[in-house]
Amino acid sequence: AFHHALPRDQFDLQWAAAGGPKNIAEKVDAVAATLEMEKGRYQEDMENEQVEFEEELNTLHGDVLGLSQFVELDQVHTVAAHVAKLKKTLAESKERVFVFNNREGLFGKDMTEYTRLNEINKAFEPYCQLWETAHNWMRWKKAWTQNPFLSLDPELMEKNHAAAHRSMHRCVKAFEKLGIQGCLDIGREIKGQVDAFKETIPLVQGLRNPGMRERHWKALSEAVGFEVQPDEEFTLNDVYRLGLGDHLEVVSKTGERAGKEYQIEQALDKMEAEWEGVMLGIVPYRETGTFILRGIDDLQNLLDEHITMAAAMAFSAFKKPFAERIDEWQATLNTVSDVLDEWVKVQRSWLYLQPIFDSADIQKQLPKEYKRFSTVDKNWRATLNNAKASPKAIRFCNNPKLLEKFQESNTFLELVQKQLSDYLETKRAAFARFYFLSNDELLDILSSTKDPRAVQA
């Protein structure tokens with residue numbers, strides 16, 4: 001309308017902007033067409049892969065069925081390696097089925113079930129179990145009989161033996177049903193070896209009990225009539241050579257005793273270890289310049305638990321090798337318990353009496369009691385300073401002299417409290433109005449005799 005001539009670059013920009021939507025629409029159409037072409041190409045590629053996969057399944061099925069041809073036990077390691085490869089291929093095939101099904105979902109196609117793969121896997125299972133178990137069994141048996149006897153783990157041995165027994169039992173049943181004689185013979189052979197080895201398990205468990213010590217080997221040697229002392233060269237074959245299987249009852253009883261004694265030893269070690277980190281809770285108390293003991297509930301619970309455990313050990317028929325240690329540990333726990341009991345009693349009385357005898361008036365009125373309290377107070381402060389410097393509970397409290405000191409303090413404090421109570425009664429007898437006051441109120445008045453208003457109040 002204004003007939004103003006635009007510069008060429010602005011004119012071109014305006015013209016391009018006006019045609020922008022059309023360009024975008026054309027670009028969208030072009031990309032959509034390209035995507036459709038790519039989709040068709042990918043779908044075609046997938047379908048080709050699926051055809052190839054079907055052919056691979058044919059080969060895999062043939063390989064699995066071909067396992068029936070392997071009937072020589074001396075080929076166990078070679079066949080087991082072949083079976084391991086087939087097992088890996090089957091696992092990879094399952095993954096490929098998962099990928100194919102996901103892609104079919106993206107393309108809006110019905111998912112292929114691949115039931116044949118399940119059939120192949122089902123056919124493969126007894127062969128896999130047979131050769132894996134045979135391979136593992138022969139490897140385990142060689143290690144158990146040739147490795148140093150002192151390195152054998154009876155718990156793992158029993159676990160592996162039980163697994164082999166279950167597996168071979170299923171294999172024999174499966175191949176009896178399938179009627180594949182060669183594989184059935186191998187299964188029966190391995191099952192026979194596994195069954196025969198069963199008698200060795202309790203023998204190894206007895207001899208390899210973790211509680212076996214020099215005294216047990218000596219007792220075992222005396223019982224069987226010949227020396228049994230495994231060293232680094234000793235193997236399970238030596239156990240067979242010595243004929244220890246004929247003395248299974250003696251071996252089992254020796255191992256059982258060693259195990260029971262070992263439990264006691266372990267329990268003692270565990271209790272002692274638990275006390276290593278237990279510290280006394282020594283905290284400052286107000287403005288007194290000294291400390292008090294706090295938070296002994298957990299400590300007391302642990303103490304009660306261990307006293308009970310130690311008492312049970314003392315009645316055990318297997319305590320003999322540790323009788324002295326058990327007695328010492330019981331004595332320690334009892335001393336610690338007694339010290340804590342007396343400590344708490346002293347603390348309770350000290351907390352009550354300390355502010356009372358902090359009053360100069362009370363000190364003058366009860367000089368004898370004040371002297372006794374001062375003796376206890378001096379011991380208290382020295383003891384709590386030492387506890388603060390060395391707060392390890394089991395070490396600090398296992399002290400008979402400390403127990404005597406606390407017992408003496410409690411005796412003094414009981415006398416002080418009795419004399420204090422008698423003193424208050426004499427005041428009540430002299431002043432009838434004092435009968436209506438509690439001990440604390442009366443003590444508050446008596447400690448303020450320099451202030452007549454406190455008495456008048």
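These numbers come from a predicted model, not from an experiment. Within each chain, residues carry numbers counting from 1 in the order of the written sequence. Only residues with pLDDT of at least 70 get local features here, since the model is predicted, and only at 80 or more are side-chain atom pairs given and counted; chain-wide, interface and lining totals rely on the full set of residues. Neither water nor hydrogens contribute to the side-chain values; these are computed over all heavy atoms in the structure.

S.K.: Any chance you could break down the overall build of the chain for me, citing the residues and the numbers?
M.R.: Helices and strands together make up the secondary structure of the chain, namely 18 helices and 2 strands. Burial status follows relative accessibility: with a 1.4 Å probe on protein chains alone, a residue under 20% of its type maximum counts as buried, one over 50% as exposed, and anything between as partly exposed. Residue burial in the chain is summarised as follows: out of 457 residues, 36% are buried. Long-range pairs, those at least 24 residues apart, make up 75% of the contacts in the chain with a sequence separation of at least 6. Of the roughly 27,600 Å² of accessible surface on the chain, 53% is carried by carbon and sulfur atoms. Counting from the N terminus, the helices are DSSP H or I runs at least four residues long and the strands are E runs at least two residues long. In this analysis, two residues are considered to be in contact whenever any of their non-hydrogen atoms come within 4.5 Å of each other. Throughout, the Shrake-Rupley method with a 1.4 Å probe supplies accessible areas, and for residues the shown protein chains are the sole cover considered.

S.K.: Can you tell me about the packing of aromatic side chains, naming the residues and giving the values?
M.R.: Any pair of aromatic rings gets described here by the distance separating the centres and the angle formed by the planes. In summary, the pairing rule links any two rings of Phe, Tyr or Trp, Trp by its six-membered ring, whose centres are within 6.5 Å, and it sorts them by plane angle into stacked for under 30 degrees, edge-to-face for over 60 and tilted for everything else. Summed over all chains, the structure comprises 15 aromatic pairs. Ring geometry for Trp140 and Trp144: centres 6.2 Å apart, planes at 20°, overall stacked. Placement of both Trp140 and Trp144 in helix 4 (residues 115-146) is noted, with a separation of 4 residues, approximately one turn of the helix. Looking at Trp140, the relative accessible area reads 17%, which means it is buried. Here Trp144 falls in the buried class, since its relative accessible area comes to 9%. Pairwise contacts between aromatic rings join Trp137, Trp140, Trp144 and Phe197 into one cluster.

S.K.: Pulling in residues and values, what's your account of the state of the cysteines?
M.R.: Here, the term disulfide refers to a pair of cysteine sulfur atoms separated by no more than 2.5 Å. Counted under the stated rule, the structure contains 0 disulfides. Here Cys171 stays unpaired: no disulfide links it, and the sulfur of Cys128, its closest cysteine neighbor, is 9.1 Å away.

S.K.: With reference to specific residues and values, describe the environment of Thr235.
M.R.: For Thr235, the location among the structural elements is in the loop between helix 8 (214-224) and helix 9 (236-242). Put simply, Thr235 and Ser151 are 84 residues apart on the chain and 9.3 Å apart in space, counted from C-alpha to C-alpha. In this view, Thr235 contacts Thr145, Gln146, Asn147 and Phe149; residues no more than four positions away in its chain are not counted.

S.K.: With reference to specific residues and values, describe the packing of helix 10 (residues 248-276) against helix 11 (residues 297-314).
M.R.: Axis definition: a line fitted to C-alpha atoms, over the contacting stretch in the case of helices. Angles run 0 to 180 degrees between N-to-C directions. Packing of helix 10 against helix 11 leaves a shortest axis separation of 11 Å and a crossing angle of 160°. Here helix 10 is positioned roughly antiparallel relative to helix 11, judged by the angle of their axes. The handedness of the crossing between helix 10 and helix 11 comes out as left-handed. Together, Ile264, Ala267, Leu268, Met271, Glu274 and Trp275 of helix 10 and Leu299, Leu302, Leu303, His306, Met309 and Met313 of helix 11 make up the contact between the two elements. A breakdown of the residues in the contact of helix 10 with helix 11 according to their chemical character gives 10 nonpolar, 1 polar and 1 charged. Throughout, the term roughly parallel applies to angles under 35 degrees, roughly antiparallel to angles over 145, roughly perpendicular to angles from 65 to 115, and oblique to all others. Here is the rule for handedness: rotate from the far helix to the near one, and if that takes an anticlockwise turn smaller than a right angle the crossing is left-handed, while a clockwise turn gives right-handed. The residue classification treats Ala, Val, Leu, Ile, Met, Phe, Trp, Tyr, Cys and Pro as nonpolar and Asp, Glu, Lys and Arg as charged. All others, Gly included, are polar.

S.K.: Explain helix 4 to me, and be specific about the residues and the numbers.
M.R.: Compared with an ideal rise of 1.5 Å per residue, which puts 32 residues at 46 Å, helix 4 spans 46 Å between its outermost C-alpha atoms and is within 8% of the ideal. At any given residue, the bend is defined as the angle formed between two axes, one fitted to the seven residues that end at that position and one fitted to the seven that begin there. Helix geometry: helix 4 is bent most strongly at Phe124, by close to 35°, with proline Pro126 lying one to four residues after it. Here the expected span of a helix is defined as 1.5 Å times the quantity of residues minus one.

S.K.: Quick rundown of the side chain of Thr200? Include the residues and the values.
M.R.: Inspection of the secondary structure puts Thr200 in helix 7 (residues 200-207). Apart from the residues lying within four places of it in its own chain, the contact partners of Thr200 are Leu236 and Tyr240.

S.K.: Give a description of helix 6 (residues 181-197) that names residues and reports values.
M.R.: Given 3.6 residues per turn, any residue in an α-helix points the same way as the ones three and four places further on. The terminal C-alpha atoms of helix 6, which comprises 17 residues, lie 24 Å apart, in line with the 24 Å expected from a rise of 1.5 Å per residue. Among all positions in helix 6, only Gly182, Cys183, Leu184, Ile186, Gly187, Ile190, Gln193, Val194 and Phe197 are buried. Check the buried side of helix 6 and you find it contacts helix 4, helix 5 (154-178), helix 7 and helix 9.

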